[in-house]
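# A closer look at the structure
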Amino acid sequence: MNERKIGKLAEYLRKTKHLRMRDVYQGVCSETAYIRLETGESLPEFMTLSYIFSRMGKSVNKVSMMVGYKEYEIYCVQEKLEKAILEGRYQDAGKILDSYQKRKTAPLPPHQQYILKMRAAIMLEQGKYAEAQRYVECAVEKTLPQFHMDMLDEYLLSEEEWTLLLMWLQCRLYMGDKEVCKQCTAMLFTLEKRQLDAEMQIVLFPKLVWLLAESLRQEGIEEQAESTVRQAVEVLTENTSLFFLLPMLEILIQIAEKKSDEDEIAKIKRQSSALQWSYASSGMSISLAKINLWELNRQNKLYLLSETVRQERKQNNLTQDTLAERAGLDSKTLSRIENGANFPKPRTFRRLMNAIDREYDIYRTNLVTDDFSLLEIEWEISGEIMRRNYKKARKLLGRMEQGLSQEFKENRQYLLYMTVLLDIREKKIDLHTAVSLCIQAFEVTRPFVQERFSVAMLSVQETIIANFIAKLYRGQGEEKRAIALLEHVLAGFDNSEVEDKYHYKELVLVLENLSHYCETNNELEKALSYCKRGIELLLMCEKAGLLGSFLIQRIYIEERLGMDKRECRMKYCKVYQILELMHMEKDKYILKNYYNKHYGRDIVNDAKY
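Right, let's walk through the structure included here. If you're wondering where the values come from, they're calculated on a predicted model, not measured in any experiment. (Residues numbered from 1 in each chain as written. Predicted model: local features only at pLDDT ≥ 70, side-chain atom pairs only at ≥ 80, totals over all residues. Heavy atoms only, no water.)

The backbone phi angle of Gln-146 is positive, close to 60 degrees, even though this residue is not glycine. Mapped onto the elements, Gln-146 comes out in the loop between helix H8 (129–143) and helix H9 (159–174). Positive phi values are uncommon outside glycine, yet Thr-240 reaches one of about 45 degrees. Its place among the elements puts Thr-240 in the loop between helix H12 (222–238) and helix H13 (245–259). (Helix = DSSP H or I, 4+ residues; strand = E, 2+ residues; numbered from the N terminus.)

What follows is the structure, encoded as structure tokens:
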């Protein structure tokens with residue numbers, strides 16, 4: 001997605017929501033900078049762009065980003081800072097912030113706001129609420145000058161700005177302010193009116209609900225607190241999110257204990273205990289009673305630009321001199337780009353990608369379009385296929401085909417693959433034909449030579465197609481061929497310098513199938529390692545979509561490796577509690593049948609004890 005496309009996307013969002021340009025950019029960047037964004041003349045840096053999109057209700061997590069080492073380092077520094085605060089190393093955290101303040105991007109309002117927010121976080125963790133409040137107020141002033149809570153409806157707020165307001169209320173709550181409950185209710189009402197996408201909702205809604213529940217409970221309004229928290233739990237489980245789920249369950253347990261509702265206490269404790277076990281058994285810890293409103297929940301896809309250029313060049317068997325000549329660049333310039341010393345201008349990067357027939361841009365979405373409604377339809381199609389509503393999915397795909405430009409390879413690849421997927425699901429084609437057509441879809445963007453996949457990370461779409469081809473191989477009885485394909489794909493990610501969590505969606509798909517295929521091929525130790533890695537990745541990203549499947553698979557492999565039957569039964573019962581909490585009916589059905597067949601017992605009854 002080049003400057004023009006992402007600018008058009010910003011313009012489309014603003015106009016369809018009937019928003020004033022000034023409200024979108026005010027306090028974040030200059031009017032000139034924003035106009036240059038919409039006209040495609042230039043792009044702001046990533047934190048500024050994330051503020052702009054989230055002010056319009058869209059999480060920037062849906063945008064993949066090419067970054068240089070310096071930008072990626074900011075992500076790593078922010079994670080290091082959070083860890084230091086969580087571990088109580090406040091002096092170290094202060095030093096990290098002092099160093100952050102010296103960075104080139106530090107004077108920009110979003111970064112200034114972030115620095116002040118994290119200084120407030122340190123004060124909050126130390127119980128210095130008055131000092132924390134002052135830092136928060138200074139932070140808010142950076143992008144929302146002269147802001148007042150009574151004027152909340154008049155402002156567009158980014159995810160970070162919402163979080164700051166919640167931190168401000170948290171300080172007031174801990175300092176005994178009786179108005180916090182009223183202000184939280186007003187914020188909740190305003191938040192519900194805003195057209196936020198699902199990713200923003202599942203980050204902001206639980207934070208606000210937790211704070212509202214705490215203020216209600218201080219006022220002794222337990223019934224309303226319970227209702228509000230249950231609503232948040234429902235939102236989280238419907239979206240298979242683990243974000244703040246355990247603290248929410250802890251509140252419900254405390255409320256049930258006050259009501260002396262023994263059945264409810266037992267039920268929620270079983271679910272909470274099972275979820276805690278999933279973390280502990282993966283060597284991870286999580287707080288039950290406390291929510292850190294300041295914590296980031298960034299999940300966007302990141303690619304190191306230098307690494308991408310280097311990997312794609314090698315996959316195409318080109319020397320630096322050859323690629324530089326094709327792109328009209330000096331070979332020394334290309335060398336500096338590949339080692340991270342230089343971050344090329346977007347036009348230079350596109351020249352390099354054009355030279356190897358790739359369509360990468362600095363910013364990109366899964367599909368190349370400036371129409372956000374088509375990106376929403378993409379999500380709808382995936383949802384309908386998961387629900388097996390194939391006719392509805394095909395109808396939506398028809399709409400997508402009409403609106404999506406087929407000038408771009410990734411768009412053509414998507415349409416071809418989705419057609420094959422629906423055809424195989426509706427049994428309109430056989431496995432052999434499906435494999436051939438899937439390879440054809442894959443080769444729209446690069447040759448299907450699996451030995452070369454370990455050299456460069458595949459795109460999200462390429463990974464999905466390769467994963468599906470492996471499933472088709474297995475369906476034809478070619479299990480070893482399926483494993484070999486996916487291990488080559490996985491190697492491409494393993495060779496990257498970027499952390500797994502920035503590509504978790506692709507990785508969990510590959511890891512899930514690799515674990516299953518290796519297990520049925522009696523490669524049990526390898527299967528277990530893939531399974532454990534998938535579980536850790538999901539928990540790290542606080543996503544539960546495939547967690548039940550991975551947990552069941554892990555216990556089954558451990559069972560085959562000789563784990564005590566009684567311990568296996570106990571673990572299966574814990575997984576069943578998680579599946580029940582997350583409303584994972586398909587996995588519940590599979591586990592219930594397996595448990596009954598192999599242990600001759602009803603897991604529904606056993607899981608209660």
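The full count for this structure, using the stated rule, is 7 cavities of 30 Å³ or more. Of the volumes computed, that of the second largest cavity is approximately 80 Å³. Here the residues of the lining of the second largest cavity are counted per class, giving 2 nonpolar, 5 polar and 2 charged. (1 Å grid on protein atoms, 1.4 Å probe; cavity = no way out; pocket = protein on both sides within 12 Å on 5 of 7 lines; lining within 4 Å. Points joined across faces, edges and corners; volume = space filled by probe spheres on them. Nonpolar A, V, L, I, M, F, W, Y, C, P; charged D, E, K, R; others polar.)

A few words now on the pattern of salt bridges. By the definition in use, this model includes 47 salt bridges. Residue Arg-14 is joined to Glu-38 by a salt bridge in which the shortest nitrogen-to-oxygen separation is 2.7 Å. Taken as a pair, Arg-14 in helix H1 (residues 3–16) and Glu-38 in helix H3 (residues 31–39) lie far apart in primary sequence, 24 residues in all. Arg-14 gets classed as buried once you look at its relative accessible area, which sits at 10%. Notably, a salt bridge pairs Arg-394 with Glu-426, separated by 2.5 Å at the nearest N-O pair. Residue Arg-394 is found in helix H20 (residues 390–403), and its partner Glu-426 is found in the loop between helix H21 (409–425) and helix H22 (431–442); the two are separated by 32 residues along the sequence. Classification of Arg-394 as partly exposed rests on a relative accessible area of 26%. A relative accessible area of 26% means that Glu-426 is categorised as partly exposed. Here the residues in one salt-bridge network are Glu-214, Arg-217, Glu-222 and Lys-258, joined through shared partners. (Salt bridge = Lys/Arg side-chain N within 4 Å of Asp/Glu carboxyl O. Buried < 20%, exposed > 50% of the residue type's maximum accessible area, 1.4 Å probe, protein only.)

If you walk across this open sheet you meet the 3 strands as S2-S1-S3, and the pairing is mixed. Bordering the open sheet on either side are strand S2 (302–304) and strand S3 (363–364), each of which pairs with just one other strand. Sheet topology note: the strand S1 (residues 64–67)/S2 ladder contains 3 bridges and is parallel. Along S2, the bridge assignment pairs Met-66 with Tyr-303. (Pairing = 2+ DSSP bridges.)

Right, let's talk about a positive patch on the surface for a bit. A cluster of basic residues, Arg-388, Arg-425, Lys-471 and Lys-586, forms a positive patch on the protein surface. For Lys-471, the position within the fold is in helix H23 (residues 460–475). (Patch = residues over 30% accessible without salt bridge, like charges linked within 9 Å, V, L, I, M, F, W, Y side chains within 5 Å. Areas by Shrake-Rupley, 256 points an atom, 1.4 Å probe, with all protein chains shown as cover. Lys, Arg positive; Asp, Glu negative; His and termini not counted. Charge placed at Lys NZ, Arg CZ, Asp CG, Glu CD.)

Orientation of H21 relative to H22, taken along the N-to-C sense of each, is 170 degrees, at an axis distance of 9 Å. It follows that H21 is roughly antiparallel to H22 by the angle criterion. Considering how the two elements wind past one another, H21 and H22 form a crossing that is left-handed. Residues Gln-413, Leu-416, Tyr-417, Val-420 and Ile-424 of H21 lie in contact with H22, whose contacting residues are Leu-431, Ala-434, Leu-437, Cys-438, Gln-440, Ala-441 and Phe-442. Classifying every residue of the contact of H21 with H22 by side-chain character gives 10 nonpolar, 2 polar and no charged. (Axes fitted to C-alpha atoms, helices over the stretch in contact; angles between N-to-C directions. Parallel < 35°, antiparallel > 145°, perpendicular 65-115°, else oblique. Left-handed = near helix turned anticlockwise from the far one by under 90°. Contact = heavy atoms within 4.5 Å.)

Burial along S1 is two-sided: the face carrying Ser-64 and Met-66 and the face carrying Met-65 and Val-67 are both buried. Pairing of S1 with S3, which is carried by 2 bridges, proceeds in the antiparallel orientation. Opposite Ser-64, over in S3, you have Arg-364 as the bridge partner.

We now examine the side chain of His-111. Note that His-111 resides in helix H7 (residues 109–125). Given a relative accessible area of 1%, His-111 falls into the buried group. In terms of polar contacts, His-111 uses its side chain to reach the side chain of Tyr-100, at 2.9 Å. Those residues in contact with His-111, other than ones at most four positions away along the chain, are Glu-45, Met-47, Ile-74, Tyr-100, Thr-105 and Ala-106. (Polar contact = N/O pair within 3.5 Å; in protein donor to acceptor, adjacent residues only side chain to side chain.)

Here we come to the nonpolar core. The biggest cluster of nonpolar side chains holds 217 residues, and the ones touching the most others in it are Ile-381 and Tyr-572. The element contributing the most residues to this core is helix H11 (residues 198–218), with 12 residues. Every residue in contact with Tyr-572, bar those within four places of it in the chain, is listed here: Ile-552, Ile-555, Tyr-556, Glu-559, Leu-591, Tyr-594, Tyr-595, Tyr-599 and Ile-603. (Core = buried A, V, L, I, M, F, W, Y, C linked by side-chain atoms within 4.5 Å.)

With that out of the way, let us pick up the environment of Asp-430. Inspection of the secondary structure puts Asp-430 in the loop between H21 and H22. For the pair Asp-430 and Leu-547, spaced 117 residues apart in sequence, the C-alpha to C-alpha distance is 31 Å. Polar side-chain contacts of Asp-430 include one of 2.6 Å to the side chain of Thr-433.

Below, the discussion takes up H11. For H11, spanning 21 residues, the distance from its first C-alpha to its last is 30 Å, which sits close to the expected 30 Å at 1.5 Å a residue. Gly-220 lies just past H11 and shows a positive phi near 80 degrees. (Expected span 1.5 Å × (residues − 1).)

This brings us to the side chain of Lys-17. Looking at the element boundaries, Lys-17 is found in the loop between H1 and helix H2 (21–25). For the buried Lys-17, which has no salt bridge, the nearest side chain bearing the opposite charge is Glu-376, at an N-O separation of 8.1 Å. A distance of 3.1 Å separates a polar atom in the side chain of Lys-17 from the backbone oxygen of Gln-195. Those residues within four positions of Lys-17 in sequence are excluded, and the remaining contacts are Met-56 and Gln-195.

Moving on, we come to H9. Look at H9: 23 Å from first C-alpha to last across 16 residues, which is about the 22 Å you get at 1.5 Å a residue. Burial analysis of H9 places 13 of its 16 residues in the buried class, the great majority of the element. Gly-176, located one to two residues past H9, shows a positive phi value of around 90 degrees.

Moving on, we come to the packing of helix H24 (residues 479–494) against helix H25 (residues 504–520). Closest axis-to-axis distance for the H24/H25 pair is 10 Å, and the angle between their directions is 145 degrees. Taken as a pair, H24 and H25 cross one another with a handedness that is left-handed. Between H24 and H25, the contacting residues are Glu-479, Ala-482, Ile-483, Leu-486, Glu-487, Val-489, Leu-490 and Phe-493 on the first element and Glu-506, Leu-507, Val-510, Leu-511, Asn-513, Leu-514, Tyr-517, Cys-518 and Thr-520 on the second. Partitioned by chemical class, the residues of the contact of H24 with H25 number 12 nonpolar, 2 polar and 3 charged.

Read these as spatial facts, not as claims about activity.
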